[in-house]
Each structure stands twice: as C-alpha cells, then as structure tokens.
Amino acid sequence: MQENSSEDFKRELGLLDGTMLVVGSMIGSGIFIVSSDMVRQVGSAGWLIAIWVLTAVLTIIAAVSYGELSAMFPKAGGQYVYLKEAYGKLIGFLYGWSFFAVIQTGTIAAVGVAFSKFAAYILPPLSDENILFEMGRFTLNAAQIVSILTIILLTYINSRGVKNSKILQTVLTVIKISSLLGLIIFGFILGAKAEIWNANWANVWDANSFDVASGTWLSINGTTLLSAFVAAFVGSQFSSVAWEGVTFIAEEIKNPKRNVGLSLFLGTLIVGVIYILANLMYIAVIPLHEIATVKSDRVGVLASQYIFGDIGTLIIALMIMISTFACNNGLIMAGARVYYTMAKDGLFFKKAAILNESSVPSWALWVQCFWASALCLTGKYGALLDFVVIIVLIFYILTIYGIFVLRRKMPNAERPYRAFGYPFLPMVFIVVSSIIAVTLLVTKTATCGWGVLIMLIGIPIYYFTKKMD
C-alpha cells in the first residue's frame with residue numbers, strides 16, 4: 001500500500017450518481033417518523049406544511065450557494081475545504097472534529113439502528129428487546145449487532161472502490177424514490193378521505209401544543225409559538241441534512257465544477273418536493289390527533305396501514321430498510337473523504353491520507369466504521385443526534401457566510417458558477433438559520449448546549465496536535 005496524491009482518485013461519478021448520492025444521503029428514516037413530534041409541537045396542518053416548505057426552501061438556497069464554493073474548490077473534503085479556505089485551519093478542524101465525533105458517525109449509528117428496528121418487523125428476533133448480553137448497566141441487544149453488521153458490510157463495499165458503492169447507491173436510491181412516490185400516490189388514491197382532510201385543515205393556523213402527560217391540546221401563540229416552531233423545525237431539518245456529502249467526493253466526480261453544484265440543486269429539490277408531498281399525504285390519510293399520538297412516532301407505518309391494511313406494516317418496513325441502507329451507504333462513502341483531506345493537512349491520523357489499490361481512503365473508512373459502531377454500542381446515539389442539528393446549522397451558516405468572506409479575500413479567483421441570488425438569498429439563509437440556532441440554544445440548552453460544547457472541545461485538541469507536530 002503506498003501513499004498516493006489526491007490525483008489518484010478515479011473520476012467515476014456522473015451527474016446522476018451525484019444527484020442520487022444527495023437524495024440517498026438525505027432520505028433515511030426521518031420522513032417516516034419526525035412529523036409525529038412536529039404535530040405535537042405546532043398542532044396544525046398549516047404550520048406543519050409551512051415548516052416543511054421553509055426547510056425545503058432553506059435547504060435549496062444553501063445547496064445552490066454551496067455551488068459557488070464547489071466550483072471554486074472541486075476537491076475531496078468539500079465543506080471542510082471551504083471553511084479552511086475562508087477562515088483558516090482552526091475552523092476547518094473544528095468542523096472536521098465535530099463531523100467525526102458527532103455529525104457523521106452519530107448519524108451513521110442512528111440510521112443503522114433504524115434499519116435494524118424495522119428489520120425486526122420482518123424478523124422479530126432482531127428486535128432491540130432481544131438482549132444477548134448484559135453486564136451491569138451495559139446491555140447488548142440484537143438490533144445493535146445488526147446495525148453494526150450493516151455498517152461493517154457497507155464499509156467493506158466502499159473499501160473495494162467507488163464504482164461498486166456508486167452502483168449500489170444509485171440502484172437503491174432509485175428504488176427508494178419510486179417506493180416513496182408510490183406510497184404517496186397510493187395514499188392519495190386509496191387512503192385519502194375527504195372528512196379527514198377537511199378536519200385536519202380546519203382552523204389551519206390555530207397552533208396547539210400536545211401535552212403528553214394529560215393527553216390534551218394547549219393553544220399557543222407569540223414566543224411560545226416561536227419556540228414550538230423551532231422545536232418542530234429540528235425534525236424537518238434533521239431529515240434534510242447530509243446533502244453536502246456530494247461535495248466531499250468532488251475529486252471522484254466527472255466535470256466537478258458543473259456537476260457538484262447541479263447535483264446539489266437537483267438532489268435537494270427532489271427531496272424537498274417528496275417531503276412536502278409525503279406530509280400532505282399523511283394529512284389526507286390520518287387524523288391529526290393520531291399523527292401526534294402514534295406509537296413510537298411511526299407515522300409512516302400508520303399511514304401504510306391505513307392505505308394497505310395489515311400488509312402495510314411489512315411494506316413500510318421494507319421501504320425503510322432500503323431507505324436507511326442507501327442512506328448509510330452515502331454517508332459512509334462521503335464521510336471518509338473529509339478525514340482523508342484533513343489528514344493531508346496534518347489535522348487527522350496520517351494513515352487516513354493513504355489511498356488503497358482501489359483508489360479509496362480505506363483506513364479512513366474503517367476508523368469511521370469503528371467509531372460509528374462504538375456509538376451503536378453505547379446506546380447514546382439518540383442523545384448525540386439531539387446535538388447534531390445545532391452543530392450542522394452553525395457550520396451551514398459559517399460556510400455560506402464564507403462566500404462573502406472569499407469574495408473579499410479572493411476577489412480575482414476563478415468562479416465558474418456564482419451563488420444564485422447573491423447576496424440576498426445567502427443572507428436570507430444566514431439570518432433565518434441564525435434565528436433558529438439562537439432560539440434552539442435558548443429553549444433547548446440542555447441538548448444543544450452539549451452539542452456546542454463538543455464542538456468547542458476541538459479547540460484545545462487542535463492546539464495540542466499542533467504542539468505535537
């Protein structure tokens with residue numbers, strides 16, 4: 001095994017592959033689950049759809065803004081490179097540290113466990129209730145083993161070269177999109193009822209919060225509504241992250257100055273439309289109160305049961321298994337490229353900068369696999385995901401503000417593509433996302449505060465590693 005230059009990456013991914021990576025990485029299990037808690041927070045169909053529309057618009061604005069950066073720096077590592085170029089190595093490292101410690105690996109762990117939980121619908125012994133080993137407070141269940149095995153399998157496939165993983169990603173994502181659209185279409189044709197639709201849209205802007213303890217709805221407005229809106233936004237936002245993964249593999253994309261930005265736009269547009277349609281279908285099929293109170297928030301399962309009857313559970317379980325498997329393949333493929341580029345800059349383990357005979361950073365893939373698997377075993381991944389959204393938002397804001405910084409810092413740099421709607425649309429994203437981030441820190445300090453702390457721990461680690469050089 002020899003240390004190669006970044007030029008040894010193989011450009012084997014076209015526009016379709018890049019778009020499918022964006023779509024596949026974004027759509028996991030969230031769209032089948034998060035709407036339940038969102039309805040508990042805001043209690044109306046109008047506010048629910050408004051939040052999904054806002055999320056879609058903000059995501060597309062962010063994606064097309066990243067297009068300028070991806071065209072300027074068509075390199076492996078994507079967002080890490082943009083932050084480093086705009087603000088210097090420290091901010092780049094803080095992103096990479098947060099990415100490895102929480103964002104990517106925590107998401108891989110949670111998506112893996114979501115896969116195993118729905119696999120248990122088909123094979124009950126795979127349930128997290130099947131305890132295989134217990135010692136003190138530590139327990140090992142079948143779902144954790146299955147999730148780890150899927151992460152190992154996908155890591156192995158990705159270590160064999162980008163060609164195999166891209167075929168798997170594209171095929172599974174096409175199946176995923178077709179299945180979701182099929183569920184939406186059949187929902188409107190077979191499951192929709194006029195009385196449910198009309199009842200759900202009655203008093204469309206009357207916001208209510210569901211009190212789980214008493215089982216009653218409480219009317220909300222003003223600052224209480226803002227807090228509820230932001231709390232609900234966390235669900236739609238978490239379901240809409242990871243689109244930037246395509247920027248991490250820019251050196252493996254054909255004509256990256258064009259295709260990375262176009263993949264970002266097409267992928268986020270497709271997902272935004274699918275998410276809005278899926279929630280309109282939920283509102284057409286399920287009474288709002290049932291969306292809020294469905295067991296384990298499995299609104300997708302409930303919708304499928306309304307549409308297809310008893311076999312609906314099996315149909316949705318298979319859909320979510322395909323969805324989460326493809327999602328993790330995209331996350332695993334893209335994440336390792338960030339560690340590779342950080343290692344090239346002396347900010348990560350040196351072995352992560354080595355490409356194997358298949359021209360992929362296999363050591364980086366396996367260290368990512370190890371930490372994601374460890375997060376599966378700790379049982380703490382659920383708490384970790386609460387931290388993810390605030391960190392992701394902070395770095396989205398910094399990256400898009402980086403467009404303004406780089407326009408001043410590198411005025412004469414080649415920009416094959418310029419951010420659409422600059423400076424208005426990027427600034428809209430920054431302002432709205434900043435309001436949401438601040439509100440999150442104020443209203444959810446216990447979880448979001450820890451997320452920011454994990455990020456800031458990277459500062460002493462950065463200076464310590466610099467001293468070690």
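It should be noted that the structure appears before, not after, this text.
Residues numbered from 1 in each chain as written. Predicted model: local features only at pLDDT ≥ 70, side-chain atom pairs only at ≥ 80, totals over all residues. Heavy atoms only, no water.

**Student:** Tell me about the pattern of salt bridges, and please be specific about residues and values.
**Tutor:** Scanning all chains against the criterion turns up eight salt bridges. We note a salt bridge from arginine 415 to glutamate 68, for which the minimum N-O separation is 3.2 Å. Linking arginine 415 in the loop between α16 (381-409) and α17 (424-443) with glutamate 68 in helix α3 (residues 45-72), this pair joins segments that are 347 residues apart in sequence. Assessed through its relative accessible area of 1%, glutamate 68 is described here as buried. (Salt bridge = Lys/Arg side-chain N within 4 Å of Asp/Glu carboxyl O. Helix = DSSP H or I, 4+ residues; strand = E, 2+ residues; numbered from the N terminus. Buried < 20%, exposed > 50% of the residue type's maximum accessible area, 1.4 Å probe, protein only.)

**Student:** An account of the pairing of strand β3 (residues 208-211) is requested, with residue identities and associated values reported.
**Tutor:** On a regular strand, one side chain projects to one face of the sheet and the next to the other, so that they alternate. A one-sided burial pattern is seen for β3, the buried positions being Asn208 and Phe210 and the unburied ones Ser209 and Asp211. Bridge analysis of β3 against strand β4 (residues 216-219) gives four bridges, and the strand direction is antiparallel. Within the sheet, the bridge partner assigned to aspartate 211 lies in β4 and is threonine 216. Here β3 folds back onto β4, and the loop between the two strands holds four residues, one of which, glycine 215, carries a positive phi near 70 degrees. (Pairing = 2+ DSSP bridges.)

**Student:** So what about the environment of glycine 112? Which residues, and what values?
**Tutor:** Its location among the elements puts glycine 112 in helix α5 (residues 89-122). A relative accessible area of 1% places glycine 112 in the buried class. In sequence terms glycine 112 and cysteine 376 are 264 residues apart; their C-alpha atoms lie 8.1 Å from each other.

**Student:** How would you explain empty space enclosed by the protein if you had to name every residue and give the values?
**Tutor:** Summed over the entire model, instances satisfying the criterion amount to five cavities of 30 Å³ or more. Reported here for the largest cavity is a volume of approximately 100 Å³. Counting residues per element, the ones that place at least two in the lining of the largest cavity are α5, α10 (245-248), α14 (312-344) and α16. A per-element tally of the lining of the largest cavity places α5 first, with four residues. Taken together, the residues of the lining of the largest cavity sort by class into nine nonpolar, five polar and one charged. (1 Å grid on protein atoms, 1.4 Å probe; cavity = no way out; pocket = protein on both sides within 12 Å on 5 of 7 lines; lining within 4 Å. Points joined across faces, edges and corners; volume = space filled by probe spheres on them. Nonpolar A, V, L, I, M, F, W, Y, C, P; charged D, E, K, R; others polar.)

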